[in-house]
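Residues per chain, in single letters:
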Amino acid sequence: MTDTPRPALAYHLTPGKGPPVVFLPGYASDMEGTKALALEAWAVANGRTFVRFDYAGCGRSEGAFEDQTLTGWRDDALEILDLFSEPAIVVGSSMGGWIALMIARDHPDKVAALVGIAAAADFTDWGFSMDEKMKLLQEGRIERASPYSDQPTAFTSRFWQSGEASRMTASMIAIDCPVRLIHGLRDTDVPVERTMQLLHMIRSADVHAVLVKDGDHRLSRDGDIALLIRTVESL
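One structure accompanies this document, and this report is about it. (Residues numbered from 1 in each chain as written. Predicted model: local features only at pLDDT ≥ 70, side-chain atom pairs only at ≥ 80, totals over all residues. Heavy atoms only, no water.)

### A look at the overall build of the protein chain
Here is step 1: Looking only at helices and strands, the protein chain features eight helices and nine strands.
Here is step 2: Scaling as 2.2 N^0.38, a compact globule of 235 residues should have a C-alpha radius of gyration of about 18 Å, and the protein chain matches this with 17 Å.
Here is step 3: In terms of overall dimensions, the protein chain has C-alpha extents of about 50 × 45 × 35 Å along its principal axes.
Here is step 4: The buried share of the protein chain, reckoned over its 235 residues, is 51%. (Helix = DSSP H or I, 4+ residues; strand = E, 2+ residues; numbered from the N terminus. Rg over C-alpha atoms; globule rule 2.2 N^0.38 Å. Buried < 20%, exposed > 50% of the residue type's maximum accessible area, 1.4 Å probe, protein only.)

### Here we look at empty space enclosed by the protein
Here is step 1: Applying the stated criterion to the full structure yields one cavity of 30 Å³ or more.
Here is step 2: By volume, the largest cavity amounts to about 40 Å³.
Here is step 3: Residue lining of the largest cavity: Lys35, Ile117, Ile182, Leu219, Asp224, Leu227 and Leu228, and that is the complete set.
Here is step 4: No other element matches helix 8 (residues 222–234), which puts three residues into the lining of the largest cavity.
Here is step 5: Class assignment of the residues belonging to the lining of the largest cavity gives a composition of five nonpolar, no polar and two charged. (1 Å grid on protein atoms, 1.4 Å probe; cavity = no way out; pocket = protein on both sides within 12 Å on 5 of 7 lines; lining within 4 Å. Points joined across faces, edges and corners; volume = space filled by probe spheres on them. Nonpolar A, V, L, I, M, F, W, Y, C, P; charged D, E, K, R; others polar.)

### Some remarks on helix 7 (residues 192–201)
Here is step 1: Within helix 7 the residues assigned to the buried category are Val192, Thr195, Leu198 and Met201.
Here is step 2: Turning to helix 7, the residues buried within the fold contact helix 3 (95–106), strand 8 (179–184) and strand 9 (207–212). (Contact = heavy atoms within 4.5 Å.)

### Here we look at the nonpolar core
Here is step 1: One finds Val22, Leu24, Trp73, Met95, Ile99, Leu101 and Phe123 to be the most contacted residues of the largest nonpolar core, which totals 50 residues.
Here is step 2: The leading source of residues in this core is helix 3, at eight residues.
Here is step 3: Setting aside chain neighbours within four positions, we find isoleucine 99 in contact with Leu24, Tyr55, Leu70, Trp73, Arg74 and Ala77.
Here is step 4: Residues Phe23, Ala38, Trp42 and Ile89 belong to the second largest nonpolar core, which totals 21 residues. (Core = buried A, V, L, I, M, F, W, Y, C linked by side-chain atoms within 4.5 Å.)

### A look at the sheet that holds strand 9
Here is step 1: The seven strands lie next to each other as 1-3-2-4-5-8-9, forming an open sheet whose pairing is mixed. The sheet is open, and its two edges are formed by strand 1 (11–14) and strand 9, each paired on a single side. In this sheet, adjacent strand axes meet at a mean angle of 15° when their direction is disregarded.
Here is step 2: The sheet contact formed by strand 8 and strand 9 spans six bridges and is parallel. Bridging from a neighbouring strand, arginine 180 pairs with histidine 208 of strand 9.
Here is step 3: Together, strand 8 and strand 9 form the strand contacts of helix 7, whose direction differs from that of strand 9 by roughly 165°. (Pairing = 2+ DSSP bridges. Axes fitted to C-alpha atoms, helices over the stretch in contact; angles between N-to-C directions.)

### Brief notes about the packing of aromatic side chains
Here is step 1: As enumerated under the stated definition, the model contains 13 aromatic pairs in all.
Here is step 2: Ring centres of phenylalanine 65 and tryptophan 73 lie 5.7 Å apart, and the angle between their planes is 40°; this geometry places the pair in the tilted category.
Here is step 3: The exposure class of tryptophan 73 is buried, given its relative accessible area of 1%.
Here is step 4: Aromatic ring contacts, followed pair by pair, group Tyr27, Phe53, Tyr55, Phe65, Trp73, Trp98, Phe123, Phe128, Phe155 and Phe159 into a single cluster.
Here is step 5: For the cation-ring pair, arginine 144 lies above phenylalanine 128, with the distance from its terminal atom to the ring centre recorded as 4.6 Å. (Phe/Tyr/Trp six-rings, centres within 6.5 Å; stacked < 30°, edge-to-face > 60°. Lys NZ or Arg CZ within 6 Å of the ring centre and 35° of its normal.)

Next comes the structure, spelled out in structure tokens:
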């Protein structure tokens, strides 16, 4: 008996010199976001290898959104990293930061360095109220109003349970590559304390955190993008 194949992924590859840079979007996001497109423009201008992609069930990739799990999206990211024969600089935004951390820990041969933008490690734990967790278990899904869309954002028990089984901040995180963490102090989605926790828990000695005093969760303003690009260039 064979496993059901994963949905086909949509991605856009900019060929160039390495190490390749790979962008991992956040929850319910896609490869058309401001940060992904800005990094692509930088890659084109500087002859760098870059890829942006959509997780299964998101954007132009195959699959139904509510069928997906955190570990399934991690496997999507691994599939994209398999495009390259050398380790990549992995840039993860919000949930994408959690996935990037999982991959850097479990597949260190694939990650030369990691950039987390408001990395939301373990957000299935701290990002849901007890009432929401109970509703997920009892009814299988919840919806939240989204500040970024006129459509609500859905979360399923399938996704939530996958996240709970993948929590990583209860002990030292065995990552040894360079890590850069960027976080806005006006982020109302991911508390800045989560980045401070990661700073202390990641095993690598080469971990820097940059706090943007007036930055929000998205960190997509011109100055934020310039900071992100400088950070990637430094690696």
